[in-house]
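Topology and contacts: notes
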Amino acid sequence: MRKAIIIIGGSKSQTWLIGSAKQKGYITFVFDKLANAPGAKVADYFFPISTNTFRLIIDKLEFYKRDFLFQGVVTYSSRPEALKTVFKIANHFHLK
């Protein structure tokens, strides 16, 4: 199984986070409501799903969990909705 990290948000300010994760050998799963978000260009897997819709994100990730070992979920956003989504995803997949 390949190691993967989930990144909530694909804005320009988060592209460094995506790039750093890839340099460390992680496959990146990035979610942002804007289909043309800067993170879409650098992510391994990009989904135009709002960072507020944690249930839809979890459903999408469930499809990939057979092939990837999710190591963590992060965001660079300070928006309360994004932070709640990170918590709910971490809780669902038993991530630290």
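Below is a short write-up of the structure. Just so it is clear, the model here is predicted, and its values are computed rather than measured. (Residues numbered from 1 in each chain as written. Predicted model: local features only at pLDDT ≥ 70, side-chain atom pairs only at ≥ 80, totals over all residues. Heavy atoms only, no water.)

**Describing helix H4 (residues 80–92)**
Given a rise of 1.5 Å per residue, 13 residues ought to cover 18 Å, and the 18 Å separating the end C-alpha atoms of H4 matches this to within 8%. Every buried residue of H4 is listed here: Ala 82, Thr 85, Val 86, Ile 89 and Ala 90. Relative to the axis of H4, the buried residues are bounded by an arc of 130° and lie together on one face. Away from the buried face of H4 by more than 90 degrees, exposed residues Lys 84, Phe 87 and Asn 91 are located. On its buried side, H4 packs onto strand S1 (2–8), helix H3 (54–64) and strand S4 (68–74). At the exit of H4 stands His 94, carrying a positive phi of roughly 55°. (Helix = DSSP H or I, 4+ residues; strand = E, 2+ residues; numbered from the N terminus. Expected span 1.5 Å × (residues − 1). Buried < 20%, exposed > 50% of the residue type's maximum accessible area, 1.4 Å probe, protein only. Arc of directions from axis to C-beta. Contact = heavy atoms within 4.5 Å.)

**Some thoughts on the environment of Phe 70**
As for its placement among the helices and strands, Phe 70 is situated in strand S4. Phe 70 gets classed as buried once you look at its relative accessible area, which sits at 9%. What Phe 70 contacts, discounting residues up to four positions off in sequence, is Ala 4, Ile 6, Phe 29, Leu 61, Tyr 64, Lys 65, Phe 93 and Leu 95.

**Structural notes on the sheet that holds strand S3 (residues 45–47)**
Backbone-to-backbone hydrogen bonds pair the strands of a sheet. The strands run either parallel or antiparallel. Spatial ordering of the open sheet is given by S3-S2-S1-S4, a layout of 4 strands whose pairing is parallel. Both edges of this open sheet fall to S3 and S4, since each of them pairs with a single strand only. In this sheet, adjacent strand axes meet at a mean angle of 20° when their direction is disregarded. Relative to strand S2 (residues 27–31), S1 runs parallel, the two being bridged by 5 bridges. Paired with Ile 5 across the strands is Thr 28, a residue of S2. (Pairing = 2+ DSSP bridges. Axes fitted to C-alpha atoms, helices over the stretch in contact; angles between N-to-C directions.)

**Remarks on the pattern of salt bridges**
Applying the stated criterion across every chain, the model contains 4 salt bridges. A salt bridge links Arg 55 to Asp 59, with the shortest nitrogen-to-oxygen separation between them at 3.1 Å. Of the two residues, Arg 55 and Asp 59 both sit in helix H3, 4 residues apart, roughly one turn of that helix. A salt bridge links Glu 81 to Arg 79; the shortest N-O distance between them is 3.8 Å. Relative accessible area serves as the criterion here: at 37%, Glu 81 is assigned to the partly exposed category. (Salt bridge = Lys/Arg side-chain N within 4 Å of Asp/Glu carboxyl O.)

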